[in-house]
Amino acid sequence: MQKVRTHCPFCAFQCGILVTPGRGPDTPQIEGDPDFPVNRGKLCIKGAESARLLERSDRLLAPLMRDPDGVLCPASWESALDFVARSFEDMRRAHGANAVAVFGSGGLTNEKVYALGKFARLVLGTAHIDYNGRYCMSSAAAAQNRAFGVDRGFPFPVEDIPLADCVISWGSNWAETMPPLRQWFELQRERGGRSVVVDPRRTETAKCADLHLQPLPGSDLVLANGLLHLAIESGAVDLDYIARRTTGYDAAKHAVARYSPDYVERLSGVSERQQRQLLKWMAESPRALLMSGRGPEQHSKGVDTVHAFINLMLALGKVGKSGSGYTCLTGQGNGQGGREHGQKADQLPGYRLIENETHRSVVAAAWGVEPESLPHKGKSAYELLNSLGPSASDGPGIRGLLVMGSNVAVASPNAGNVIEGLKRLETLVVVDSFLNETAQLAHVVLPSLLWLEESGTMTNFEGRVILRREVQPPPPGPLSDLRILKELARRMGKPNALPSDDPDVVFSELAAITQGATADYSGLSHSRLATTQGVQWPCIGPQHPGTPVMFEEHFAHPDGRAKFFVVETRDAAELPDEEFPLYLTTGRVREHYNSGAQTRGIAALNSRQPEPCIEVHPACLERFDLAGEERLCLSTRRGSLLLRVKPTADIRVDTVFVPFHYGYAQSINLLTLAALDPVSRMPEFKLCAARLTKVLKS
Amino acid sequence: MSQTLRRSSQARKRLVIVGNGPATGRLLDLLVGQGALERYEITVFGEEPQGCYNRVLLSRVLSGVPAAEIINKNLAWFHCANIVLHAGVRVLRIDRQERMVVGTRGITVPYDNLVLATGSRAVIPTIPGLHDDDTLLTGAYVFRTLEDCEAILHSVVRGGKAVVLGGGLLGLEAAKGLADLGMTVRVVDRSPGPMARQLDVLGQSVLRRRLAHLGIKCIGNATTESVLGTSRVEGIRLTAGEVLPCDLLVMACGIQPRIELPRSAGLLVKKAMVVNEWLEVEADPRIYGIGECVEIHGELFGTVEPIWKQADVLVDRLLERKRTSGFCSSVSYTKLKVAGVEVASFGGVKELDDSVEELTVTSELHESYLRLRITDGLLTGAQLVGDTSLSARLLQYRDQRIPVPENRFDLLASGVGTVGSVSPEVCNCHHVLESTVVAAIENGASDLEALGNLTCAGTGCGSCQSTLTRLLRTHVTQSETAA
């Protein structure tokens, strides 16, 4: 049978895969696509096992609604959609348009993102639409926008990583979370390049490095400012580059005068020798690349921390060459496209801004409405989920919520509070393929398609727009997300608000509307993407080749220059004290993806990581007299979990680590803190104060 | 527009800051950044002409960096920030009744709030021959201001001799600067060796040997009897009789708070001007103090960290925010900023007593020294000379009050941050380490299939197969050659 070329359902790498469709009940076979330039045939275990999603016996095949006893029971599409439309309409009428909100996902295709944003603004008329990408790369995105004038995760193709003479992976554990990326770093090493990892844990990525810096969680900004201090002290800054291509250097220079190596040692625990070694390697590398993951970004000072990274790379004159500068490893499958096309509270399609009058006018005209009729900026993800119920702390609450492709009950910080909010909703509608933890709380669950059953485009971490193809027909029952939105729009009296339920048609409208915008897709179409290995935006016309490398000549600010920002360290929202003496940080394991809603249902994956383990240093166990315990109680001011212990000398003695892919009593986000970055509104997932105690035996 | 401006300026209170050193620099950054100009009209008095610079970086200037590089607020900055700077003006007195600051050149400025940040001055020892009338003999300088720096640079004689009085942090920084400029440098100190405030005698002796390699000779237990030379410095005579000829004499004998102004204004002054933990002068609610000129609960301050914390507290007071817990000092951490010699210390030098546990490691050959002080199971002090890469980690134990491991020597294993001892994982899917793969190859596995059968490596997603191939290539050849 003919193999179909498409892409993995999971992370932002969007590996090319070849699918041999299954015959009858057989599961399709999946292998890596050797011709796709990003993964060149490699897959990780999640991608290799992804077809198992189609085998899951708990796949939702019919809408679910609450029966009089409150039990979720199968229902017809007609009754489910009618109920949702009527309920939202009633709420709008009784409490205003902002009584209904929408929560999207970085896993949705560009077409769905666009349609969801348009649905929220035109059909519901609500300001409140945001998505789980806020929890992902929003800090890096905000800082890049402010410093460079544009935010594209990688400003060059991934295959140029081997050009880097020195790569600093800062708070990213790609060897485990994105294994197909590893080949590019192996090539980079083979060419004689150096690899440095900065991470509080000695991860698999760190073990392969030439140098591993193991800072205190939350001290990344201090360390980066300290490196700039050393660069200035040692004369490693590129004054010519700074004069030609940047603004604001002097203020940044004076601000880092305080960040002397001893000050940095004290706050970060990274020795002066290591600071100097790293700086020396960066300075002597014609191309040096600082690549950040969520580690330094998911903090209440995440934006400022990324600014410190960018300041450093600008001062060294490294930004604007392929394989060099600053990049951010986006996490979710469409984390990049998801933040470009209008499901973010402050954005309109094409990375336009909802508070910019010109941008509003352009989009309003394209949509055939008056600019004034477009809602303004709404609440950010956590703030939205913290406003559920009849009233919120700052005014009327959100009574109805439509969640598409996101498991907010597991993925949100201080998740216990979010779950309480979800229970206060008059109508919670969840669109998903599986009955995840959020769907369990819903009034209506609408079953959607899996990725092999529909087509659509994704934009990977390099800004590469790729086409996912429909490989096989869906089982009877589920409908596509686009169809669901179209049906709801029709029932709410706006039958023409959404262009179509055909992804090809939706993409055409999306592409046209982004013309002239920052993320310009206007030269792209499904048919063009079908014959390419993806095209990197901006792509401003059918003949335009796309933009593999950015910033070679100029940055995206009107003056063409990049901006330095003065950034100072500040304390995390919650620091260890006598009662809660440890740093708790969270992250991923290689077998699972995000909230685990998909991967926990695949036996080949879940059997390897069936539950979260707490990684803790043996000296820490000794300190609290806990050695030899199989399970321990981990507590923060938000609550407690019982977790299996994984003693490891690979973590700092003052820090414990727990992965976040699990639900209910295994959900570490019940313990995390919802302190937000003032600019990006990113929650502080990576740091709060915790305590370890013995499990009380009854 | 101008109407509005005038009204707002009338409504603003007048804040006067006396002193324009690093403490004021930080304070101004915070005030401007937090919108204090809406509330205050700010006037700064600075004795020096250049604006505000970072004194900590003076040794950079000695090493050839232009002075402008360390000035973080030049006259233009003050102009743009709409802050009045009286540069080169010394404040003569404070009239608390009239709430006026009176300076030289007849400048008088009224205040609603006053911040005294007069800093400190270098101690000039009383040595016969040091003064020529009222001024220092030509060739003798302190190391405190940009002006001092310029004078020192002007007096440097390549191939000549320099003497530095005082073997503390500043003295050693100056000594290194002069050595780099081609001078033969001797450091004279009353203590047995250099950095006596941070190091015990053994540590001092290791440091002395290390400094000797840089061309800096330390003469300990020495006091200066007289300065030689009539029109300019020609040398010094030590009490023991030895004469050290020199072309340049730099004095780094410590600092003393500048307290004449608060004292003459009738404010409480002990070792320095007394303020409480909110930087307030208790007798006069309009006046605050910050930096090296103040003492809080009997403690004085001379390093960046506590003074920046003071600035945070003071801004909160000036902006009338909710009262925080106030300033609280922490143990200071000292590193010698001299390239080529590493010294780190915290917790100071204290006499041994029965409750204190000490851990000392010395390597004569490597000229390195480490001494830790443990009190009630907690790390309370450390001295490191030669290799200080452990100190960053030790600080975490101290600052977080993490108990020292039962086996005290675990503290010394610099496991944090080093790489190479651990075998990386090659196959992610099956968690196979590189060492396992290499062992399998050495046991006869010669291709991917055999490796897969023996170790499972490469049988999951297959991502690691190129690594496995490389390992096969390297190690198969090696085992064959060995055979």
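First, a word on scope: everything that follows refers to the structure included in this document.

### Quick notes on the overall build of chain A
Here is step 1: Along chain A, the regular secondary structure elements total 24 helices and 30 strands.
Here is step 2: In summary, chain A has a C-alpha radius of gyration of 24 Å against a globular reference of 26 Å for 698 residues, a match within 12%.
Here is step 3: Counting only residues that meet the buried cut, chain A has 68% of its 698 residues in that class.
Here is step 4: Sequence-distant contacts in chain A: of pairs separated by 6 or more residues, those separated by 24 or more amount to 73%.
Here is step 5: When the accessible surface of chain A is summed, it comes to about 22000 Å², and 50% of that surface belongs to carbon and sulfur atoms.
Here is step 6: Counting 76 positive and 79 negative side-chain charges, chain A places the centres of these two groups 1 Å from one another.

### Description of the overall build of chain B
Here is step 1: Helices and strands together make up the secondary structure of chain B, namely 13 helices and 32 strands.
Here is step 2: Over its C-alpha trace chain B gives a radius of gyration of 30 Å, far above what one expects of a compact globule, namely 23 Å for 483 residues.
Here is step 3: Counting only C-alpha atoms and orienting by the principal axes, one finds that chain B spans roughly 95 × 70 × 50 Å.
Here is step 4: Across the 483 residues that make up chain B, the buried fraction comes to 51%.
Here is step 5: Restricting to contacts in chain B with at least 6 residues of sequence separation, those with at least 24 account for 59%.

### Focus on helix H9 (residues 304-318) of chain B
Here is step 1: A rise of 1.5 Å per residue sets the reference length of H9 of chain B, with its 15 residues, at 21 Å; its end C-alpha atoms lie 21 Å apart and thus fit the reference within 8%.
Here is step 2: Packing partners of the buried residues in H9 of chain B comprise strand S1 (13-18), helix H2 (22-33), strand S2 (40-46), strand S9 (113-116), strand S23 (287-289) and strand S24 (294-296) of chain B.

### Regarding the side chain of Thr24 of chain B
Residues and elements named next belong to chain B.
Here is step 1: Its location among the elements puts Thr24 in helix H2.
Here is step 2: Residue classification places Thr24 among the buried residues on the basis of a relative accessible area of 0%.
Here is step 3: Among the polar contacts made by the side chain of Thr24, one reaches the main-chain carbonyl oxygen of Gly19 at a distance of 2.8 Å.
Here is step 4: Setting aside residues no more than four positions away along its own chain, Thr24 makes contact with Ile17, Gly19, Val44 and Ala117.

### Structural notes on the sheet that holds strand S18 (residues 235-238) of chain B
All names here are of chain B.
Here is step 1: Overall, antiparallel pairing links the three strands, which are arranged S17-S18-S19 in an open sheet. Looking at the sheet topology across the chains shown, the edges are occupied by strand S17 (224-228) and strand S19 (243-245). For this sheet, the mean inter-axis angle between neighbouring strands, taken without regard to orientation, is 20°.
Here is step 2: Sheet topology note: the S17/S18 ladder contains four bridges and is antiparallel. Of the residues in S18, the one forming a bridge with Leu228 is Gly235.

### Quick look at the pattern of salt bridges
Residues and elements named next belong to chain A.
Here is step 1: The final tally for this structure, using the stated rule, is 81 salt bridges over all chains.
Here is step 2: When the shortest N-O distance is used, the salt bridge between Arg490 and Glu487 registers 2.8 Å. Of this pair, Arg490 and Glu487 are both found in helix H20 (residues 481-491), three residues apart, which corresponds to roughly one turn of the helix.
Here is step 3: With a relative accessible area of 11%, Glu487 lands in the buried category.
Here is step 4: Between Glu630 and Arg644 there is a salt bridge, and its shortest N-O distance comes to 3.0 Å. Placement of the pair is Glu630 in the loop between helix H24 (618-623) and strand S27 (631-636) and Arg644 in strand S28 (residues 639-647), with a sequence separation of 14 residues.
Here is step 5: Since its relative accessible area comes to 54%, Glu630 is described here as exposed.
Here is step 6: What you see here is one network of salt bridges that share partners, running through Glu78, Asp82, Arg483, Glu487, Arg490, Arg491 and Asp501.

### Digging into the sheet that holds S24 of chain B
Residues and elements named next belong to chain B.
Here is step 1: Here three strands make up an open sheet; going across it, the order is S22-S24-S25 and the pairing mixed. Only two strands of the sheet have a single partner each, and these edge strands are strand S22 (273-274) and strand S25 (299-300).
Here is step 2: With two bridges connecting them, S24 and S25 associate as antiparallel partners. Paired with Glu295 across the two strands is Leu300, which belongs to S25.

### Comments concerning the interface of chain B and chain A
Here is step 1: Contact residues are listed per partner, giving 57 residues for chain B and 51 residues for chain A.
Here is step 2: Both faces considered, chain B and chain A share a buried interface measuring about 4300 Å² in area, 45% of it formed by carbon and sulfur atoms.
Here is step 3: Between the two partners, chain B and chain A, sit nine salt bridges.
Here is step 4: Our enumeration of links across chain B and chain A arrives at 16 residue pairs in polar contact (both at pLDDT 80 or more).
Here is step 5: Only strand S4 (71-73), H9, strand S26 (333-335), helix H10 (391-399), strand S31 (425-427) and helix H13 (465-482) of chain B provide two or more residues apiece to the side of chain B that touches chain A.
Here is step 6: With eight residues, H10 of chain B is the single largest residue contributor to the side of chain B that touches chain A.
Here is step 7: Here the side of chain B that touches chain A is composed, by residue class, of 20 nonpolar, 22 polar and 15 charged.

### A closer look at the pairing of strand S29 (residues 368-375) of chain B
Residue and element names in this part refer to chain B.
Here is step 1: Judged by how many residues are buried, S29 sits mostly within the fold: seven of eight residues are covered.
Here is step 2: Direction of pairing for strand S28 (residues 356-363) relative to S29: antiparallel, over a ladder of eight bridges. Bridging from a neighbouring strand, Glu357 pairs with Ile374 of S29.
Here is step 3: Hairpin connection from S28 to S29: four residues lie between these consecutive antiparallel strands, with Glu367 at a positive phi of about 50°.
Here is step 4: The sheet contact formed by S29 and strand S30 (residues 378-385) spans seven bridges and is antiparallel.

Conventions and cut-offs
- Residues numbered from 1 in each chain as written.
- Chains lettered and ligands numbered in written order.
- Predicted model: local features only at pLDDT ≥ 70, side-chain atom pairs only at ≥ 80, totals over all residues.
- Heavy atoms only, no water.
- Helix = DSSP H or I, 4+ residues; strand = E, 2+ residues; numbered from the N terminus.
- Rg over C-alpha atoms; globule rule 2.2 N^0.38 Å.
- Buried < 20%, exposed > 50% of the residue type's maximum accessible area, 1.4 Å probe, protein only.
- Contact = heavy atoms within 4.5 Å.
- Areas by Shrake-Rupley, 256 points an atom, 1.4 Å probe, with all protein chains shown as cover.
- Lys, Arg positive; Asp, Glu negative; His and termini not counted.
- Charge placed at Lys NZ, Arg CZ, Asp CG, Glu CD.
- Expected span 1.5 Å × (residues − 1).
- Polar contact = N/O pair within 3.5 Å; in protein donor to acceptor, adjacent residues only side chain to side chain.
- Pairing = 2+ DSSP bridges.
- Axes fitted to C-alpha atoms, helices over the stretch in contact; angles between N-to-C directions.
- Salt bridge = Lys/Arg side-chain N within 4 Å of Asp/Glu carboxyl O.
- Buried area = accessible area lost by both parts, 1.4 Å probe.
- Nonpolar A, V, L, I, M, F, W, Y, C, P; charged D, E, K, R; others polar.

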